[in-house]
Amino acid sequence: MIPNESSQTSLEKKQKVQAAGRSRYIRSEGRWGLLMVSPYLIHFLVFVAGPLAVSLYFSFTKYDMLTSPQWIGLGNYQQLFQEPLFWKSLWNTLYFAILFVPIQTVLALILAVMLNQKLKGLKWFRMAHFIPVISSWTVILYVADSIFNPRFGVANSLLVKWGLDPQQWLNSERWVIPLLVLIAVWKGIGYIMVLFLAGLQSVPGELYEAAEIDGAGAFRKFRSITVPLISPTTFLVVILSTISTFQAFEQVYVMTGAGDISSAGGPRNASLVLMLYLYREGFSFMHMGYASAIAWVLFMILFSLTLVQMKMQNRWVHYN
């Protein structure tokens with residue numbers, strides 16, 4: 001019995017030593033891991049989590065960035081939902097999204113299918129379609145102005161030549177949102193096209209060969225093979241496009257105000273979108289508490305739309 005107890009005691013000591021060694025190793029690995037991710041954690045806390053928490057607090061206060069915040073509870077949200085300009089900006093944003101998302105998605109897919117063919121010179125065409133993506137909105141402004149300027153633009157010159165009445169284009173309440181959508185599609189379609197190209201090039205060529213053997217035409221192959229197999233890419237494009245429309249600011253600010261916030265969103269607030277409304281209230285009128293409330297309402301709208309899209313993806317997105 002004594003030798004057995006001695007060996008058992010020795011085994012327990014060995015296990016304790018091994019457990020202590022593993023514990024020290026885990027703690028050491030944990031410290032090194034925390035050290036490696038600390039730059040990101042600091043960035044997240046200082047520039048993401050911190051501002052989010054502060055803006056949430058400001059949304060319940062009256063704050064003008066010059067005096068101390070005054071707690072008013074849900075006052076900003078009550079004022080927001082009673083403000084006609086908020087509903088006007090929300091409708092303008094929804095109108096922008098309803099036009100922009102399907103038009104950009106469909107046109108980018110058509111371009112990607114065309115540029116996915118094995119023909120000479122396609123790299124130059126791809127580069128040409130991507131140039132607007134990397135161009136600033138200031139450059140886009142000058143290009144758009146040369147086309148849609150009411151006095152000397154190419155568009156009105158063509159209308160007059162064809163015997164039609166010239167239009168005010170970006171100065172027209174009727175045309176300003178459709179034109180902003182057209183310009184935004186032209187600028188961003190190259191990026192979406194690249195995403196679709198990546199999805200198209202992942203489709204196995206054997207499926208097209210089998211479909212050709214069965215007598216399927218080009219449209220049938222596109223509908224039955226291409227569209228289902230790139231549906232995850234399409235879903236990603238729809239999500240990104242929806243988010244970008246609700247965050248639209250720079251294009252409206254530059255195209256309708258030429259950098260002047262007092263005239264941006266015109267004419268007569270016909271192109272006033274939520275982000276521009278938020279910027280105007282927060283940085284022009286110094287209503288930072290009210291602007292924070294707008295930001296959180298915008299977040300909840302985007303969050304809800306994303307949840308709905310995630311819920312509906314099972315009906316048309318195929319991952320296998």
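Below is a short write-up of the structure. (Residues numbered from 1 in each chain as written. Predicted model: local features only at pLDDT ≥ 70, side-chain atom pairs only at ≥ 80, totals over all residues. Heavy atoms only, no water.)

Details of the packing of aromatic side chains
In total, this model carries 21 aromatic pairs according to the counting rule given. An angle of 35 degrees between the planes, with centres 6.1 Å apart, marks the rings of Y57 and W71 as tilted. Of this pair, Y57 sits in helix 1 (residues 2–58) while W71 sits in strand 2 (residues 70–71), and the two are 14 residues apart along the sequence. For Y57, a relative accessible area of 40% corresponds to the partly exposed category. For W71, a relative accessible area of 57% corresponds to the exposed category. With a centroid separation of 6.2 Å and 40 degrees between ring planes, the pair formed by F81 and W87 is classed as tilted. A residue is classified by how much of its surface remains accessible, and F81, at 41% relative accessible area, is partly exposed. Ring pairing ties together the aromatic residues Y57, F58, F60, Y63, W71 and Y77, which thus form one cluster. (Phe/Tyr/Trp six-rings, centres within 6.5 Å; stacked < 30°, edge-to-face > 60°. Helix = DSSP H or I, 4+ residues; strand = E, 2+ residues; numbered from the N terminus. Buried < 20%, exposed > 50% of the residue type's maximum accessible area, 1.4 Å probe, protein only.)

Notes on the packing of helix 10 (residues 231–246) against helix 13 (residues 288–312)
Relative to each other, helix 10 and helix 13 sit at 165 degrees, their axes nearing to 11 Å. In terms of orientation, helix 10 and helix 13 fall into the roughly antiparallel class. Judged by the twist between their axes, the crossing of helix 10 over helix 13 is right-handed. Between helix 10, through F235, V238, I239, T242, I243 and F246, and helix 13, the contact on the second element is made entirely by L298, I301, L302, L305, T306, Q309 and M310. Tallied by class, residues from the contact of helix 10 with helix 13 come to ten nonpolar, three polar and no charged. (Axes fitted to C-alpha atoms, helices over the stretch in contact; angles between N-to-C directions. Parallel < 35°, antiparallel > 145°, perpendicular 65-115°, else oblique. Left-handed = near helix turned anticlockwise from the far one by under 90°. Contact = heavy atoms within 4.5 Å. Nonpolar A, V, L, I, M, F, W, Y, C, P; charged D, E, K, R; others polar.)

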